[in-house]
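Here are the chains, one letter per residue:
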Amino acid sequence: MRLIFLGPPGAGKGTQAKRLTDKYGIPQLSTGDMLRAAVSDGSEIGKRAKEVMDAGGLVSDDIVNQIVSERIEQADCAKGFILDGYPRTVPQAKALGENLRDKGIDLDAVIELKVDEEALVRRIENRVAETVAAGGTVRSDDNPESFRKRLSEYREKTAPLSEYYQGQGDLVVLDGMAHVDVVTAAIERVLEKERDSASSVAHN
Ligand code: ADP
């Protein structure tokens with residue numbers, strides 16, 4: 001199962017990806033998590049990415065394309081993976097397409113979670129409050145200014161991916177405003193349909 005989750009920051013991509021990871025035994029590949037790990041390791045990539053991330057901007061396509069390309073070659077991705085936060089630009093989607101073609105891998109579905117922006121701001125405020133209450137460290141880009149920038153980057157650079165994947169016939173749009181369990185059930189229905197059609201093709 002190879003999946004892409006699309007949707008603005010706070011749409012619930014990470015939450016849903018984690019649930020699918022448990023159920024299907026395939027890893028969640030979050031470029032945000034990978035980049036934050038690079039920042040905390042103090043690696044060269046991390047040093048280049050930190051300032052852009054803190055300000056809510058997008059890290060360069062070359063860096064994230066490279067990180068993902070290497071990651072999906074690892075053994076735990078053999079059965080599939082869930083991409084969360086990548087691709088985020090049309091050039092990244094094109095690079096991913098070429099990369100998967102070179103590796104002989106097909107995408108199964110692109111799932112977009114639709115949510116309204118008011119709700120997103122509230123969700124991020126809750127995420128910060130919950131992190132503080134649990135004694136955790138708040139992400140350095142979870143502040144109002146960076147969040148606004150992340151949303152505007154999304155609108156400008158990532159939202160066009162819906163049309164891109166729709167054109168390829170891969171896109172399914174789901175209501176990300178529904179309760180998290182309802183969203184999970186809707187995703188599972190999409191994946192089951194996908195699996196059924198893949199097995200009927202295999203049997204024909
Ligand atoms: P969000 O909750 O905003 O979706 P992520 O954890 O997915 O956050 O990403 C955090 C930051 O990491 C982004 O704002 C961006 O700076 C960087 N980043 C993550 N994925 C990508 C990507 N595919 N391309 C460019 N930058 C990325």
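Source: prediction; values computed, not measured.

Points about the site of the ligand
Here is step 1 of the chain: Near the ligand you find 19 residues, and of these Thr31, Arg36, Gly57, Gln92 and Arg150 are the closest.
Here is step 2 of the chain: In this structure, an oxygen atom belonging to the ligand sits 2.5 Å away from a main-chain N or O atom of Gly57.
Here is step 3 of the chain: The backbone of Val59 places a nitrogen or oxygen atom 3.0 Å from a nitrogen atom of the ligand.
Here is step 4 of the chain: Here the ligand has 550 Å² of accessible area as a free molecule, and 96% of this is covered by the chains.

Things to note about the UniProt feature "binding site: AMP" (unreviewed entry) in the chain
Here is step 1 of the chain: Under the UniProt annotation, "binding site: AMP" (unreviewed entry) lies at Thr31, Arg36, Gly57, Leu58, Val59, Gly85, Tyr86, Pro87, Arg88, Gln92, Arg139 and Arg150. Look at the named residues: they lie 120 residues apart in sequence, and the longest C-alpha span between them is 24.4 Å, so in the fold they stay spread out.
Here is step 2 of the chain: The topology assignment puts Arg36 in helix H2 (residues 31-41).
Here is step 3 of the chain: Overall, Arg36 belongs to the partly exposed group, its relative accessible area being 26%.
Here is step 4 of the chain: Once residues within four sequence positions are removed from consideration, Arg36 is found in contact with Met53 and Arg139.
Here is step 5 of the chain: Within the secondary structure, Arg88 sits in the loop between strand S3 (81-84) and helix H5 (90-103).
Here is step 6 of the chain: Residue classification places Arg88 among the partly exposed positions, given a relative accessible area of 31%.
Here is step 7 of the chain: Those residues in contact with Arg88, other than ones at most four positions away along the chain, are Thr31, Leu58, Lys157, Thr158 and Leu161.
Here is step 8 of the chain: Within the structure, Arg88 has its side chain in polar contact with the backbone oxygen of Gly85 (distance 2.8 Å).

Regarding the environment of Val121
Here is step 1 of the chain: If you trace the backbone, Val121 turns up in helix H6 (residues 117-133).
Here is step 2 of the chain: Among the residues examined, Val121 registers a relative accessible area of 34% and is labelled partly exposed.

Observations concerning the UniProt feature "binding site: ATP" (unreviewed entry) in the chain
Here is step 1 of the chain: Per the UniProt entry, the sites bearing "binding site: ATP" (unreviewed entry) are Gly10, Ala11, Gly12, Lys13, Gly14, Thr15, Arg127 and Ala178 in this numbering.
Here is step 2 of the chain: Tracing the backbone through its elements, the reader meets Gly10 in the loop between strand S1 (2-6) and helix H1 (13-24).
Here is step 3 of the chain: Once residues lying within four places of it in the same chain are set aside, the contact partners of Gly10 are Leu120, Arg123 and Ile124.
Here is step 4 of the chain: Within the element layout of this structure, Arg127 appears in helix H6.
Here is step 5 of the chain: The class of Arg127 is partly exposed, set by a relative accessible area of 30%.

What about the pattern of salt bridges?
Here is step 1 of the chain: Tallying each qualifying case throughout the model produces 13 salt bridges.
Here is step 2 of the chain: Where Asp142 meets Arg150, a salt bridge forms, and the shortest distance between an N and an O atom there is 3.0 Å.
Here is step 3 of the chain: Across the salt bridge formed by Lys157 and Glu153, the nearest N and O atoms sit 3.1 Å from each other. You can see Lys157 and its partner Glu153 sitting in helix H7 (residues 144-158), four residues apart, about one turn around the helix.

Overview of the packing of H7 against helix H8 (residues 160-167)
Here is step 1 of the chain: Where H7 contacts H8, the two axes come as close as 6 Å, and the packing angle between them is 35°. Contacts from Arg155, Glu156, Lys157 and Thr158 in H7 reach Pro160, Leu161 and Ser162 in H8.

Rules used in this analysis
Residues numbered from 1 in each chain as written. Predicted model: local features only at pLDDT ≥ 70, side-chain atom pairs only at ≥ 80, totals over all residues. Heavy atoms only, no water. Near = heavy atom within 4 Å. Polar contact = N/O pair within 3.5 Å; in protein donor to acceptor, adjacent residues only side chain to side chain. Areas by Shrake-Rupley, 256 points an atom, 1.4 Å probe, with all protein chains shown as cover. UniProt positions renumbered as here; feature names shortened; annotations may be inferred. Helix = DSSP H or I, 4+ residues; strand = E, 2+ residues; numbered from the N terminus. Buried < 20%, exposed > 50% of the residue type's maximum accessible area, 1.4 Å probe, protein only. Contact = heavy atoms within 4.5 Å. Salt bridge = Lys/Arg side-chain N within 4 Å of Asp/Glu carboxyl O. Axes fitted to C-alpha atoms, helices over the stretch in contact; angles between N-to-C directions.

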